[in-house]
Amino acid sequence: MASKIEGLAALQANFEKLASQSVPKCVAKSINKVARNAIKNGTKAVSKEVKAPIKLIKKRVQLTKKATLRRPVAKIRVNRGNLPLIRLLESSRYRINIGRGQVKIGQHRIQRGFIQTLSSGRKQVMQRRGKSRYPIDVVKIPLSTPLTNAFHRELKNYSDQVKVELSKELSSVFRR
């Protein structure tokens, strides 16, 4: 007594289609999702650390190349240059308080600080340092080390994060 299974060829063709098309698509999606999460969490951590709005930090980080079927690699570009303190005033939450011998913008206090309009027409927060002839510098928030450390922390267990996201994507594909 032999039983015959109908539709076995169609089922096998569906599995081959899944293996050749859906799996690489799920891999690319999961890599892109991990990259977006790293950007979101990294910028949030840096924002808290340097006491600056997330919006300003997020402008400096972008996902330049997404992962694709043929190239499963995502590329994140980060501008790690210092952030001029005057940029905090772009947000309506921050105000300048000029007191005796200091300038306060948000939670940043600058001793011997002042606002100056430069020859280019831009305004900057300047600070006097020392007693030499031109002892003034533009006040900037250093972002290099906080951004580097945040992204290293976020992507430390990158392969595990991709595995988790890939399992979620594949389970959603097999449910359909």
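Source: prediction; values computed, not measured.

Colleague: Explain the overall build of the protein chain to me, and be specific about the residues and the numbers.
Modeller: The secondary structure content of the protein chain amounts to four helices and ten strands. For the protein chain, the α and β elements follow one another from N to C terminus as α-α-β-β-β-β-β-β-β-β-β-β-α-α. The C-alpha atoms of the protein chain give a radius of gyration of 26 Å, which is well past the 16 Å a tight globule of 176 residues would have. Considering the protein chain as a whole, with its 176 residues, one finds that 29% of them fall into the buried category.

Colleague: Break down the sheet that holds strand 5 (residues 102-105) for me, with residues and values.
Modeller: Across the sheet, three strands lie side by side as 4-5-6; this open sheet has antiparallel pairing. Each end of this open sheet is capped by a strand with a single partner; those strands are strand 4 (96-99) and strand 6 (108-111). Taken pair by pair, the neighbouring strands of this sheet meet at an average axis angle of 15°, ignoring direction. Sheet topology note: the strand 5/strand 6 ladder contains four bridges and is antiparallel. Looking at strand 6, one finds that V103 is bridged to I110.

Colleague: Please set out the nonpolar core residue by residue, giving values where relevant.
Modeller: Counting 22 residues, the largest nonpolar core has L85, L88 and L143 as its most contacted members. Within the residue set of this core, elements represented by two or more residues are helix 1 (8-50), helix 2 (54-58), strand 5 and helix 3 (144-154). Here L85 is in contact with I105, H108, I110, V125, V139, K140 and I141, once residues within four sequence places are set aside. Judged by nonpolar contacts, the second largest core, of five residues, contains A28, I31, V34 and A67.

Colleague: Mind laying out the pattern of salt bridges, listing which residues take part and the relevant values?
Modeller: Applying the stated rule across the entire model yields three salt bridges. Of the charged contacts, one joins D137 and R129 as a salt bridge, the two residues approaching to 3.4 Å between their closest N and O atoms. By sharing partners, the salt bridges in this structure join K33, E165 and K168 into a single network.

Cut-off values and rules
Residues numbered from 1 in each chain as written. Predicted model: local features only at pLDDT ≥ 70, side-chain atom pairs only at ≥ 80, totals over all residues. Heavy atoms only, no water. Helix = DSSP H or I, 4+ residues; strand = E, 2+ residues; numbered from the N terminus. Rg over C-alpha atoms; globule rule 2.2 N^0.38 Å. Buried < 20%, exposed > 50% of the residue type's maximum accessible area, 1.4 Å probe, protein only. Pairing = 2+ DSSP bridges. Axes fitted to C-alpha atoms, helices over the stretch in contact; angles between N-to-C directions. Core = buried A, V, L, I, M, F, W, Y, C linked by side-chain atoms within 4.5 Å. Contact = heavy atoms within 4.5 Å. Salt bridge = Lys/Arg side-chain N within 4 Å of Asp/Glu carboxyl O.

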